[in-house]
Amino acid sequence: MSAPVIAIATCENNELAAAADEPLLEAFRGLGLAAARVAWDDEGADWAAFDGVLVRSTWDWHLEPERYKAWLRTLESRTRVWNPPQAIAWSLDKRCLIELSHAGVRTVPSVAIAGVSELGAFQSPWRDWVIKPALGATAYRTSRIRSREEREAWRQEHAGFAGALIAQPFQPTVLERGEVSLVYIGGTFSHAVRKVARVGDFRVQAEFGGTAESHRATDAELELAERCVRHVAQPLAFARIDLLHDAAGVPMVIECELAEPELFFGLCPDSAARLARFCAELTAE
């Protein structure tokens, strides 16, 4: 019997994504498994030919979210998928933070807005806040709003955007403390990372000049992230729980990433091998 073949679902023409996936490819090879990166929107891809698909660096999904969600639904009928497509689809929508809050998980306060046309009538309860698409990634269309003029400028610039929006209070602590990410592999805490924005920006993503370093998670951060993972209540190959802190230093969930988060394998060298083993064990069942 031939060895299983694993697809790592990714996106095209993204050097950062390719670099992020390389440790995982090496880990699969180390287990004697064949693995290949395949763009999620590759029309020629035969997903049924793979023994499993690990959704990893599909970092352009937010440009065609409905197509992406349809791809996830069809993928599940063809082969094994990690993470479960239902969990992925749930996490894509930032309105899941409202659900988490109602479930008792402390999150950054979030208000859903139906669309750009409704933004004009939105009365923000905060003087300094952030607007972003409900379905978005990599700080896509994300802006800090501190005045009516800034809100109107954003509304004019994005007048053609058709999706729902999320408004959240800006957390000044991100400028000093950054954003903390807790990474889980196979449902177990693996490592933590602190992401810091470049000077003059609040976005911590590498695409905007942000940097990342190892972080020792506090008990409060671990407890909150665990509650978030438990709420999902589905077997997860990986998860990344992103946290900000309020003025008193209390953590709040800003993202529950189950679709395509950077897992920072370079800051925890054995984490890629553990993820590969998790997938290999499921493939062998």
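Placed above this text is the structure.
Residues numbered from 1 in each chain as written. Predicted model: local features only at pLDDT ≥ 70, side-chain atom pairs only at ≥ 80, totals over all residues. Heavy atoms only, no water.

### Quick look at the packing of helix α2 (residues 65-76) against helix α3 (residues 85-92)
For clarity, the cut-off: Structural elements are reduced to axes, namely lines fitted to C-alpha atoms, with helices fitted over the stretch in contact, and the angle between N-to-C directions of any two is expressed from 0 to 180 degrees. By the criteria applied, helices consist of DSSP H or I runs no shorter than four residues and strands consist of E runs no shorter than two, each listed in order from the N terminus. Between 65 and 115 degrees an angle is taken as roughly perpendicular, under 35 as roughly parallel, over 145 as roughly antiparallel, and anywhere else as oblique. The crossing is said to be left-handed when, going from far helix to near helix, the turn is anticlockwise and less than a right angle, and right-handed when the turn is clockwise. A contact between two residues is defined here by any heavy atoms of the two lying within 4.5 Å.
As a packed pair, α2 and α3 sit with axes 9 Å apart at the nearest point and diverge in direction by 165°. Compared by their axis directions, α2 and α3 come out roughly antiparallel. The handedness of the crossing between α2 and α3 is left-handed. Between α2 and α3, the residues in contact are Tyr68, Lys69, Leu72 and Glu76 and Pro85, Ile88, Ala89 and Leu92, respectively.

### Examining the pairing of strand β3 (residues 52-57)
To be explicit about the condition: Each residue gets one of three labels from its accessible area relative to the maximum for its type: buried under 20%, exposed over 50%, partly exposed in between, using a 1.4 Å probe on protein chains only. By the convention used here, strands pair only if DSSP detects at least 2 bridges between them. The definition of a right-handed crossover adopted here requires that, viewed with the strands pointing away, the path from the first strand over the helix to the second runs clockwise.
Counting buried residues along β3, 6 of its 6 residues qualify, which places the element largely inside the surrounding structure. Looking at chain direction, strand β1 (residues 5-10) and β3 are connected through 5 bridges and run parallel. By the bridge assignment for β3, Ala7 is matched with Val53. Across 2 bridges, the pairing between β3 and strand β4 (residues 81-82) is parallel. Bridge pairing links Leu54 to Trp82 in β4. What joins β3 to β4 is α2, and the crossover it makes is right-handed.

Honestly, it's all geometry; don't read function into it.
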